[in-house]
Amino acid sequence: PAMSLASSQHWLATGRASPRLVLVVVFVALLLDNILLTVVVPIVPTFLYTTEYEGANSSAGPALPEATPAAPRAPPFSSVLSYFDNTTVPVRGFTDAVEPPNGTGSSLPGHPPSTPPDPPRGCLEGGEFLAQENTRVGLLFASKALVQLLVNPWVGVLTNRIGYHIPMFIGFTIMFLSTVMFAFSGTYTLLFTARALQGVGSSFSSVAGLGLLASVYPDDSERGSAMGIALGGLALGVLIGAPFGSIMYEFVGKASPFLVLAFLALLDGALQLCILQPSRISPESTKATPVSTLLRDPYILVAAGALCFSNMGVAMLEPTLPIWMLQTMCSPQWQLGMAFLPASVSYLIGTNLFGILANRMGRQWLCSMIGMAVVGISLLCVPLATNIYGLIGPNAGLGFAIGMVDSSMMPIMAYLVDLRHTSAYGTVYAIADVAFCMGFAVGPSTGGAIVRALGFPWLMVIVGVLNVAYAPLCWLLRSPPAAEERMAILSRECPLHPKSDDPKEALREFRLMEESE
């Protein structure tokens, strides 16, 4: 037993010093965060429709037979409509096709023309309710990003003071509470609160996780590969979330996907306790550049804008595409989540592929420019689909292009800090996460209102043209200047101050100064 205890302690000590195990921890944290992010996408619209629209109609329906007790022949048809309002279309089709047993077949065929035309078979009723639901669902989805937008700068400052380990564990704790709250929420208000609470936990996990990766992978090429793998966890979460949520909600129940996620979150917490030692305070060795200084850097703003606008497209699709499918394609519930499957698979491929290849394509700026153009073109093609199969191509192109932008821009953010500021990454990844949140806050909140005012096709045109117009700005990131270039003479006189953040440049300086230590 003593030998096994010693070996386990040795394994833990080795793991805490291994960048690969740190990458595993960040991968799992981003995976669970984004499963929870997207698992609600197919659940919330149908859940609100079932509980509010159908619930209101079913509560009013049983009063009809009591109000007309003296009518002997009307109750067979009206009672079916009262108690089974959601199957109105199949029942009417059935009664039209089969002659009644009493032989009065001429009365029923004449009944449908006197009523308003029914929606197509399989479509949901209540078109006005669905139109209003665009805005409500959009605000619910945007609440997570809005809260995360407010919390991110404070988390960035906190990581610079106490390190990345404790904020990562705080993020896990809040994420677990949010997941359990989702499982047992039965009203719009409780769902809204759970979504906002998720934004707090996601802020801690994403800012601390990406900053931790940037600190344990100082080499630029290795950092790009590590960021691609970590973003692969994000992509895998998006890939699993929507289909998993729609299938579990359809065949098991609303609480089932969230309870499974809560159990997986407990496993993630145990992994963090073993690897990260969240009780240990380890502040950054270098003083971080203030957020206000980074926000005045035009190159960081261009990179953040690319992250924001490229992700805004999929953020607008999340609340509006399922409702548009219910209205125009009459899709069953399981298809609402499966529609996002091509985008998730292609995003997973794009992040892992271009995390490795981006360095070979000119410091990642070219990947980002091409990716944003493809994002715009894919969004313009979404309204052309007439069924779920027509969404495969546009959604696949959208996911692959966003993967190109994300896997290229995340290493660029760290590279810009190394080149133009000090190498403390918590603050710059707080800005990167703010850019994500801007897209996921502005997208759903304004997307629902635009759909209600102009329609879903015009929403896709607006955001698609916006991405295509922004793409040329990525050219500015081709060769950003270093802020320390104006101090080159001072660096030769005193090679230890200021210190170059580029390893190759620092090596070149010390070779010229052989008399230095």
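- Named according to an unreviewed UniProt entry, the chain is VMAT1 protein originating from Erpornis zantholeuca.
- Its UniProt record gives the chain the following Sequence similarities (unreviewed entry) comment, quoted word for word: "Belongs to the major facilitator superfamily. Vesicular transporter family."

1. Remarks on helix α8 (residues 165–183)
- Here α8 spans 28 Å end to end across 19 residues, near enough to the 27 Å set by a 1.5 Å rise per residue.
- Those residues of α8 that sit buried are H165, I166, P167, M168, G171, F172, I174, M175, S178, T179, F182 and A183.

2. Quick word on the pattern of salt bridges
- The full count for this structure, using the stated rule, is one salt bridge.
- Taking the shortest distance from any N to any O, the salt bridge between R420 and D297 comes out at 2.8 Å. On the criterion of sequence distance, the pair formed by R420 in helix α17 (residues 392–420) and D297 in the loop between α12 (291–295) and α13 (298–328) is long-range, its members being 123 residues apart. A single burial state applies to R420 and to D297, both of which are buried.

3. Points about the nonpolar core
- Core analysis: the biggest nonpolar cluster contains 108 residues, and L317, L321, M325, L391, M409 and Y429 have the highest contact counts within it.
- When residues of this core are assigned to their parent elements, the largest contribution, 16 residues, is made by α13.
- Lining this core are residues from two domains, each supplying at least three of them: domain 1 (9–52 + 125–278) and domain 2 (289–494).
- With residues near it in sequence (within four places) discarded, L391 still touches L321, W324, M325, M329, A339, V382 and A385.
- V151, V155, I174 and A430 belong to the second largest nonpolar core, which has six residues in total.

Definitions and limits used
- Residues numbered from 1 in each chain as written.
- Predicted model: local features only at pLDDT ≥ 70, side-chain atom pairs only at ≥ 80, totals over all residues.
- Heavy atoms only, no water.
- UniProt positions renumbered as here; feature names shortened; annotations may be inferred.
- Helix = DSSP H or I, 4+ residues; strand = E, 2+ residues; numbered from the N terminus.
- Expected span 1.5 Å × (residues − 1).
- Buried < 20%, exposed > 50% of the residue type's maximum accessible area, 1.4 Å probe, protein only.
- Salt bridge = Lys/Arg side-chain N within 4 Å of Asp/Glu carboxyl O.
- Core = buried A, V, L, I, M, F, W, Y, C linked by side-chain atoms within 4.5 Å.
- Domains from an automatic or database assignment.
- Contact = heavy atoms within 4.5 Å.

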